[in-house]
Amino acid sequence: DVKVTQSSRYLVKRTGEKVFLECVQDMDHENMFWYRQDPGLGLRLIYFSYDVKMKEKGDIPEGYSVSREKKERFSLILESASTNQTSMYLCASCGGSNTGELFFGEGSRLTVL
Amino acid sequence: GQQVMQIPQYQHVQEGEDFTTYCNSSTTLSNIQWYKQRPGGHPVFLIQLVKSGEVKKQKRLTFQFGEAKKNSSLHITATQTTDVGTYFCARPPYSSASKIIFGSGTRLSIRP
């Protein structure tokens, strides 16, 4: 069974802390994505990566960075967490073709106090 | 732009009633995908439509892709409580280096 694993289901952090959200996929997918989901706003793309060490900004990259050192792992980094980054974060991956379905992780619910 | 508009935002129906969500694009789509997200869960892929005018069925769910490949719909016949959730359409990437664009989703709730 294909799998996208996010390291933490729930995190509570303080304002100003550095936060790492890890995502690992076991499907040898080229493309990986980080979304945040907030009530009424749907899925908003933060960053995506189509290859190792490659990254592209999504629609809301401000306040975030990413790292893709290995094909299976895509990390989302909040350099200095703020309360408006309290959200559900979803990682996803898909294959290299332009018709690939997205496989999502279970999500990481981050609360910044 | 490359937006994908989805309506309605919310739908509340009596169990047994039908439900439809619509997805519209300002540009021609090569294909379109549909996802379902149960409350507290993550989006799960339902189907992909590729051909102009294509209609696909999954039990009580009927998916359509418009003739001009600019719109799509998901229709659920005789809703059940297990249908509760948010339904998203998505435009897959045109290439391996482009992003997937999601509609805003339609949240379906059901009165038993």
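Up top is the structure these notes are about.
Not measured: the values here are computed from a predicted model.

What chain B contains, in helices and strands, is zero helices and 11 strands. Each helix (α) and strand (β) of chain B, taken in turn from the N terminus, gives the series β-β-β-β-β-β-β-β-β-β-β. Here chain B has a C-alpha radius of gyration of 14 Å; the compact-globule value for 112 residues is 13 Å, and the two agree. Taken along its principal axes, the extent of the C-alpha atoms in chain B is 45 × 30 × 20 Å. Counting across all 112 residues of chain B, residues that qualify as buried make up 47%. Taking contacts inside chain B between residues at least 6 apart in sequence as the whole, the part at least 24 apart equals 54%. Between the averaged position of the 13 positive side-chain charges in chain B and that of its 6 negative side-chain charges there is a distance of 10 Å.

What follows concerns the interface of chain B and chain A. Taken together, the contacts link 22 residues of chain B with 23 residues of chain A. Around 1800 Å² of area is buried between chain B and chain A when both sides are counted, 56% of it from carbon and sulfur atoms. At the junction of chain B and chain A, the tally comes to zero salt bridges. Counting the contacts that link chain B with chain A gives two residue pairs in polar contact (both at pLDDT 80 or more). Breaking the side of chain B that touches chain A down by element, the ones donating at least two residues are strand E4 (32-37) and strand E5 (44-49) of chain B.

A word on the environment of B:Phe63. All names here are of chain B. Following the sequence through the fold, phenylalanine 63 ends up in strand E7 (residues 61-65). By relative accessible area, which is 0% here, phenylalanine 63 ends up buried. In this structure, the C-alpha to C-alpha distance between phenylalanine 63 and histidine 42, residues 21 residues apart in sequence, is 21 Å. Discounting chain neighbours no more than four positions away, the residues touching phenylalanine 63 are Trp34, Leu46, Ile47, Leu49, Glu54, Val55, Lys56, Gln58, Ser73 and Leu74.

Before going further, it helps to examine the side chain of A:Ser93. All names here are of chain A. With respect to the element layout, serine 93 can be found in strand E10 (residues 87-94). Serine 93 sits in the buried class, given a relative accessible area of 0%. Within the structure, serine 93 has its side chain in polar contact with the side chain of histidine 29 (distance 2.8 Å). The contacts of serine 93, once residues within four sequence positions are left out, are Val4, Gln25, Met27, His29, Asn31, Met32, Phe33, Glu101, Leu102 and Phe103.

Here the focus is the state of the cysteines. Every disulfide links exactly two cysteines, by a covalent bond between their sulfur atoms. All names here are of chain A. This structure, assessed with the given rule, holds two disulfides over all chains. Through a disulfide, cysteine 23 is tied to cysteine 91; the S-S separation comes to 1.9 Å. Residues cysteine 23 and cysteine 91 are joined through a disulfide that is left-handed, its torsion about the S-S bond being -80°. With cysteine 23 in strand E4 (residues 23-25) and cysteine 91 in strand E10, this residue pair connects regions lying 68 residues apart in the sequence. Judged by relative accessible area, cysteine 23 falls into the buried class, the value being 0%. On the basis of relative accessible area, cysteine 91 is assigned to the buried category, the value being 0%. You can see cysteine 94 has no disulfide; the closest cysteine sulfur is in cysteine 91, sitting 11 Å from it.

Looking now at unusual backbone geometry. All names here are of chain B. For the bond running from isoleucine 7 to proline 8, omega is -10°, close enough to zero to count as cis. Here proline 8 lies in the loop between strand E1 (4-7) and strand E2 (10-14). Notably, lysine 59 is not glycine yet its phi reads approximately 55°, a positive angle.

Here the focus is the environment of A:Glu79. All names here are of chain A. The residue glutamate 79 is located in the loop between strand E9 (73-78) and E10 in this model. You can call glutamate 79 partly exposed: its relative accessible area is 45%. With 63 residues separating them in the primary sequence, glutamate 79 and glycine 16 have C-alpha atoms 7.8 Å apart. Not counting the four nearest positions on each side in its chain, glutamate 79 is found in contact with Gly16, Glu17, Lys18, Gly63 and Ser65.

Rules and cut-offs
- Each chain carries its own residue numbering, running from 1 in the written order of its sequence.
- As a convention, the first chain written is A and the first ligand written is 1, with the rest following in written order.
- Side-chain atom pairs in this predicted model are given and counted only at pLDDT of 80 or more, local residue features only at pLDDT of at least 70, and totals for whole chains, interfaces and linings cover all residues.
- Processing note: side-chain calculations cover all non-hydrogen atoms of the structure and skip hydrogens and water entirely.
- Every helix listed is a DSSP run of H or I at least four residues long, and every strand listed is a run of E at least two residues long, numbered separately from the N terminus.
- As a reference, a globule follows 2.2 Å times the number of residues to the power 0.38, and the radius of gyration itself is taken over C-alpha atoms.
- Any residue under 20% of the maximum accessible area for its type is buried, any over 50% is exposed, and the rest in between are partly exposed; the area is computed with a 1.4 Å probe on protein chains only.
- Contacts are assigned to residue pairs that have any heavy atoms within 4.5 Å of one another.
- For the charge count, each Lys or Arg is scored as positive and each Asp or Glu as negative, with His and the chain ends excluded.
- A single reference atom marks each charge: NZ on Lys, CZ on Arg, CG on Asp, CD on Glu.
- Simply put, the buried area is the total loss of 1.4 Å probe accessible area from both parts when two parts are fitted together.
- For this analysis, a salt bridge means a side-chain nitrogen from Lys or Arg found within 4 Å of a carboxyl oxygen belonging to Asp or Glu.
- As used in this structure description, the phrase polar contact means that two N or O atoms lie within 3.5 Å; if the pair is within protein, one of them must be able to donate a hydrogen and the other to accept it, and residues adjacent in sequence are counted only when both atoms belong to side chains.
- The disulfide criterion used throughout: a pair of cysteine sulfur atoms within 2.5 Å.

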